[in-house]
Structure formats: C-alpha cells, structure tokens
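# A closer look at the structure
Listed below are the residues making up each chain.
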Amino acid sequence: MHATPKDIRDPQAGPAPIDRKVLDQYREIDPSGGPGLAHRIVRIYIDSAAETLRQIEQAIAGRDPEALRQATHSLKSSTASIGAMSLADLFRELEAMAKAARIDDAAVVFDEARNEYERVLVALRDLLAEAP
Amino acid sequence: MNDRPWRILVADDEPVTRELIKAALEKAGFQVFLAEDGEDALRQFSDVPCDMVLLDVNMPGLNGHQVCAHLRRQLGEEFPIVMVTGMDDIDSIRRAYDAGATDFIVKPVNWPLLGHRIRYLFRGVQVVNDLHAANARNAAMLQALPDSLLRLNADGMVLDAHLTTGDTAQARRPMPGDHISGVLPADIAHRMLKAAELARIGGDGLTVNYALSRNDGTEHHYEARMADINGEETLCLVRDVTERKNAERDIHRLAFVDSLTGLPNRLSFVQRLDREIRRARREGDRLAVLFLDLDGFKNINDSLGHGIGDLLLQRAADRLRQGVRPADLVARADPLDAESNLARLGGDEFTVLVPSLHHADDALGLAHRIHDLLRRPFILDGREIVITASIGIALFPDDGADAEALLMHADTAMYHAKDEGRDNCQFYRTALTVEAIRRLTLESSLRQAIERGEFFMAYQPQLDLASGRVLSLEALIRWRHPERGLVSPMEFIPAAEESGLIVLIGEWVLRAACADAARWVAAGTPVRVAVNLSAVQFMQPELVRRVRAILAETGLAAQWLELEVTEGVLMEDSATTMTTLKDLRQDGIQIALDDFGTGYSSLSYLKRLPLNRIKIDRSFVRGLPADKENLAIVRTIVALAGNLGFTLVAEGIETLEQARLLRDMECEALQGSYISAPVAAAAIPALLAAYWPLAAAA
C-alpha cells in the first residue's frame, strides 16, 4: 500500500510543527524556572535525532524490522518530548509498521517523516534563536 | 541515609527522556545518576549504590525487565525499582511486575508531577522499611525477653502467642484461637481475666502470680502482667519467676534459719515468741521458754576441732527435734510446727518454746526428756562423745511480759543450772523448780508404785441402820512408799489425776476391791464395795467395758459393786454421762453420789439421774448437832433425798450423838470413825460378823 500524493506535506505548509506548550512545561522543572532546560533538550534532540534518523533509514534499506522498531520507538518518545506531535505520530506509525514487519509501507511513511522532520528542525532552530 | 539526598539511578537509552528525568528529579531534590543502557546501569550501580532505580523498558542490549530482574535478585524484595514504560503497553507493565518492579511510570511522562510521584514512592518505601525494622526489633526483643507473650481479646481468647522455648508448664501450650481457661486451671484463668478486665479500664492490680506443676513434677512460679492495647485487646506477659521465688526463699532461709543445723535462728525464734506471747495474752494461756546450753562444748571444740564441734551441734539439733516431736508432747501440733518451736541462738545455745503450757511441770518434763535424749552418747567420726546440757526455764506471764525478758530470764535460769552442777534444769523462780521437781518425782514414783505393788486397799465400813450390820464398805487406796512410808491420798491423788495416771490407778483399785469383795461373798459374808470413780475415769469411753471385764475377771456379781461419783463428775450434763450411768445401772451396779451438797447440781437434773444413793458430805455432819446451820442443811438434804427417792448415807460420823441424830432422820447407813476407821482387808471379816446395837438403841 502506498501513500497517496495528498498525504505528502509541503514542509512550508500545514499546522505548526511544534507545540510550544510542551516545551513551556519544562520551565516547571528547570532549576531556574526559565527556558534553559527546554533549549538544552532541543539541542540534545537536534544532536541525537539525526543519527537515529539514519538508523531508521538503514533499517528500512536493510529490511530489518527489529532495528526499525528500536529506532522509531526511541525517536517517537524524544520527538513527543520536544512537542513535535505530528512527527511523533509518524514515528508511532512507523513503529507499528516495524512490529508488523511492513517495511515497504514504512519506507513511504519515512519519507513523510523526513519532510516533517525538516519542518521541525527549522522550527527548533527558530526557537533556539530566540533570546534565551 | 537521611543526611544525603536520595540517590536515583536512571537508565534510558534515549538522551532527551534521560535529560528530562534528570531535570525533573533534581528539581525535586534527588541526586541523579544516568545510565545509557542496561549494562551501564548495572555497572554504575555496583560503583555507587543508589536508593532507587528508574529503568526504561526498551533499551538495546539488556532491556529494562532484565535489569530489573537482576537487581531484584541482588537487592532483595524491598529495594524500589521503577519501570518507565509506554502508556499503551499493558503487556510491558505486566512483565515489569513479573520481573519484580516496585512500581511503573507511564510515558508520556507528566514531568512536573514526576518528582512528587517519586517522593511518594520513597515515603512508601520508608514506611515499609520502618515496619520491617520495627518488626525485626520486636522479634529481637521477644527473643531476648524471658517472657511468654499472649494477646487476648476481650473474651479471653488467645489472638496470638509468643512462647518461650522449653516452657512445658501449661498442660497445653496456648495457640491462637484457644480460650485462656482452656490452657490454664480455672482459678488462675479467672484471675487472669479479672486482671485483663482491670487493665482495659485502666485499673491497678494487673499482676497475677500463680504456680503450676511442670510435667517433670517440679513446681514453677509465674508472674503474669496485663497491659491494655486498645481497650479491646490485652497484652499478657507471663514470666517464669521460679528462680526469683527460690532466691527469695533462700534469702528467707539465710535470714531466718541457722545454716549449720537448719533450725530457726534467733531472729526467727524471737518473732515466733512475740507471736505466741500475743496469742497467749489474748487467750489467757501460759507458755515456757527453755534455754539450753551444752555443758563443756567449748572443750570439745577446742580439743577435737570445729569440725567435730559443728557435727555435734547438728546431731544435738536432731536430738532436740526428736524431743519436741508432737507424738510425745502436743498431739495437735504438726512436726514442722513443732520444729519451729526450736531454735539455735548461736554457739552451743538452743531454745525451745512450749506454747500452751498446762502446768509448769510440762516444761520440766520436756527438759528431762531433752536431757535423756542428749545423754545418749554421740558417735562422731568414730569417737564416742558424751555431752550434757544445762537448761533454764522462764514462764509467761510469770517471769516476763515480752520475748526479751523471757529469753533473758531463761538464760539466767540456765546459768543457775550451771551453778547447780550442770546437767540439770532450773526454773527462773527457784521455788517453782522445787515444786515441779517434787511433783515430777511423785509422778514417776506413782508409776513405779503400780509396778512394784506399793498400793494396797483399806475399807471403811458403812453401818446399815435397819440391820445393825455392816452391809457395805468404801474402798480406799493406800500407798506405802519404800522411803517415805505411807503417803496421803490427798497428796498423790491430785498428782495422779493431773498426770492421767489416775486411770491406771483407778483400775487397779477397782480390780483389788472387786477381788476382795468376791472373796467375802464366797466366804458367806456378802458385802457391797463402794469404789470411787474420778472424773478422768468417768470420761473414759471404755469405762463400762472395763468395769464389766473386771467384774468378770474377779467373779463378783454386779450387785456387790457400787461406784461413787462426785457431783462435779455429773455436772457435765451430756448424753454420754447419762448413757454411762444407765449402762452401769442396767448391769446391776449401784451408783452413789459422793460429797452431796458441795456442788451446784440443779434439782431437776439430779432427779433425772439414775442414782441409788446420796452421801451426805462430812463437812455437813461436822459440828452436829450443835451447829444449827449444818443441822438445817442436813435436814434439807434428808428431805430432798426422800422426795427424790434416793437412800442416804452419812459420812464423817464421829460421835454417838451424831449417829443417833442421823438415824432419827432416817438415814439408811452411817460411815465414820465412830463406826470404824478405814481398816485393812484382813480386818474386814471380823467387822462383818459384828452387830452394832445402835439400830436398836432408839
């Protein structure tokens, strides 16, 4: 089963890639109550996500459902943690496909996830660029 | 652990989540260590032990479940391990518990709440830990306590029981579900429940002491204490206090018992003497204290050594125990009680208490018995030792009003005995010694008199006024003492009565008189013999049987025997008196009332007695006919006897005038020196043959 063209989203269009409320809640557990923790989290995400994304790509290319599951599971969780809910939903979808060993379907969704990831990265960099 | 923040090891392969958990927990005040996977977690934990571990389930390599199972095995059940797992992953949660997780946290994590959540978890852990520690302390305490412990409900049912090992006193060891009355004797259970009830309402007296016999037969003492738990349940601590009781007993022994002889010591004796003095004062009783000192004991100690000396004291104490044994002295006392009348004051000084003293001689008798017992040689260490004792006696209330005075005076009397040449006994009052010795001597002489045949009979004729002949004789005992010659009955009869020898002597008299009478009857000069019965004899339950036996033995027909009893004997208005008299009369034996007029018998009582004869006492005849008062009394007695249907015998007739006067008053018979003094049996036949013209002289 292949995704229809209308499912492919333009990285510049659609709803906001990041729910700022998710990141705002980290002020409550920030040692000084500011955005410092949120920014640190975002940086960690930016640093680590690229690697995980590559693992997903390899897993699909290597048709390895378990490696795919492990990587998507991990990324799903951290993606949700930075408030990128749409992207997190895509990773959840990918995880379910990995469990079901639907590698071809996963390849289609992964393309979509990569687009959304780009949008998220832009949004995250914008966020970091804001005054701390 | 309270000085430093709680340490938490967090294992998650995913860096964002890891960082968030760290931030959230540090915000809540915990110290956080981070591990990137399962192996890392185990490694770090062995380096720095933490108070809690948070594990992500999904980790490459060892997953969370595996790490959890590993740590659980290593750290025991109470260590808190928390799994972090997806909200939707129910299967993972189930497996977390199987692996031994304490709790779980679901993703997405509510970050602001995470710290609170973990704090709650720690609090729970702490409560559990505290509980375990408390339980361990309690268990250790129970282990260390010498008490058995029962928890009882309000009805007295055992809820749980912690029992000291080896306690087999109870017939059944109490188990939960038992009622206390099922495992303890009824009276003890009752007292326990009473105390438990008091404890529940906050009362006093919550200790119950009781004794139980163990299966091995030994008696154990227990002390049960009650404490209220919550107004419903009671905690009952039972302690075996046998050792304490034994110690108390030992202390008591040390304080009150002489360790060498086992006899009561001075303190004990003085206390007992005080008690007995109070009792004697209350009851108007007398008592005696004997103070005994072994003669020449110091020489034995010095020459043969203290070992022999101590042995001698122990053996002497044993002889003293024999001396006061109740079978010999006071029948009502039990042996232990009798021994408590003894004491060793110290050294070679002993004391003996004689409670309820009847006569001063009783104390002397005991002293003599002790002398006799001690005089037998002691064989000590193969050596024969003879020892005597000097004994002093003080009497209450005569010689002192309190224990101190009595002991002091008995001691003084003892020194007097030493002065008198040792091996003797002295009263504190010298006169008493003399008197008591005389009576004791008299007693032992009387005893010997029976054996040696020193008694003999005399008879005083009674003149029958109708016939002018002697038809009856009063039998009188005489004692010829080998040294003192004739001893007056006035002297020895009272002594015989007090010592109880009167029974033996009376029987001897009865037998002798019956034998004589039988001889005279057989010789064709029948005569009645009148034998006096003392009160003691009359009270003997076997009197009637004894009289019948003697009549049979001597071959005398009952009609020739008359028994004279005094008013005093008959005063006891009892069924026994009446039965005895009736039985004797039934047999044909005559009964005379002696010394009539000297007692206080009621006429209605007299009238019911089965008497044949009344004897007018000599005191009323004396001075007749001039003594108008006596004359009036005699006339009254004569009239009375006539009315009651008794015949009369007048005693103490000394003159012809008196004889005539009483004859004219219609007295049946006369007795007295005017007729004849008492004479020996040999002189009787002649008197029986004689004829007194007095009857015709009117």
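The following paragraphs examine the structure supplied in this document. (Residues numbered from 1 in each chain as written. Chains lettered and ligands numbered in written order. Predicted model: local features only at pLDDT ≥ 70, side-chain atom pairs only at ≥ 80, totals over all residues. Heavy atoms only, no water.)

### Notes on the sheet that holds strand S10 (residues 234-240) of chain B
Residue and element names in this part refer to chain B.
- One open sheet accounts for five strands, arranged S7-S6-S10-S9-S8; its pairing is antiparallel. With one partner strand each, in any of the chains shown, strand S7 (158-162) and strand S8 (207-213) form the two edges of the open sheet. When strand polarity is set aside, the average angle formed by the axes of neighbouring strands in this sheet is 25°.
- Pairing between strand S6 (residues 147-152) and S7: four bridges, direction antiparallel. Its bridge partner lying in S7, Leu152 is registered against Val158.
- Its contacts with the sheet place helix H7 (residues 186-200) against S8, strand S9 (219-228) and S10, and it is angled at close to 160° to S8.
- Strand contacts of helix H8 (residues 242-256): S9 and S10, with the helix running at about 120° to S9, the strand carrying the most contacts. (Pairing = 2+ DSSP bridges. Helix = DSSP H or I, 4+ residues; strand = E, 2+ residues; numbered from the N terminus. Axes fitted to C-alpha atoms, helices over the stretch in contact; angles between N-to-C directions. Contact = heavy atoms within 4.5 Å.)

### As for the pattern of salt bridges
Residues and elements named next belong to chain B.
- As enumerated under the stated definition, the model contains 55 salt bridges over all chains in all.
- In this structure, Asp40 engages Arg43 in a salt bridge whose closest nitrogen and oxygen atoms are separated by 3.4 Å. One end of the pair, Asp40, and the other, Arg43, are both in helix H2 (residues 38-47), three residues apart, so they sit about a helical turn from each other.
- A salt bridge links Asp399 to Arg429; the nearest nitrogen and oxygen atoms lie 3.1 Å apart. Of the two residues, Asp399 is situated in the loop between strand S16 (389-396) and helix H14 (403-419) and Arg429 in the loop between strand S17 (425-427) and helix H15 (430-452); the sequence distance between them amounts to 30 residues.
- Judged by relative accessible area, Asp399 falls into the buried class, the value being 4%.
- Among the charged side chains, a network of salt bridges with common partners joins Asp147, Glu223, Arg225, Arg239, Arg244 and Glu248. (Salt bridge = Lys/Arg side-chain N within 4 Å of Asp/Glu carboxyl O. Buried < 20%, exposed > 50% of the residue type's maximum accessible area, 1.4 Å probe, protein only.)

### A look at unusual backbone geometry
- Put simply, Lys107(B) and Pro108(B) share a cis peptide bond, and its omega is -5°.
- Note that the residue after Phe396(B), namely Pro397(B), is joined by a cis bond; omega there is 0°.
- Inspection of the secondary structure assignment puts Pro397(B) in the loop between S16 and H14.
- Its identity as a non-glycine residue notwithstanding, Ala101(A) has a phi of 60°, on the positive side.
- Inspection of the secondary structure assignment puts Ala101(A) in the loop between helix H4 (85-99) and helix H5 (103-129).
- At Asp381(B), a residue that is not glycine, the phi angle is positive and equals roughly 55°.

### Focus: the interface of chain B and chain A
- The interface is formed by 16 residues belonging to chain B together with 19 residues belonging to chain A.
- On the chain B side of the contact with chain A, Val16(B), Lys27(B) and Asn58(B) bury the most area, a combined 31% of that side's loss.
- Scanning the region where chain B abuts chain A turns up one salt bridge.
- The partner of Arg40(A) in a salt bridge is Glu19(B), and the shortest N-O contact between them spans 3.1 Å.
- Counting only elements with at least two residues in the side of chain B that touches chain A, the list comes to helix H1 (15-27) and helix H5 (111-144) of chain B.
- In terms of residue count, H1(B) provides more of the side of chain B that touches chain A than any other element does, eight residues in total.
- Its residues placed into classes, the side of chain B that touches chain A shows nine nonpolar, two polar and five charged. (Buried area = accessible area lost by both parts, 1.4 Å probe. Nonpolar A, V, L, I, M, F, W, Y, C, P; charged D, E, K, R; others polar.)

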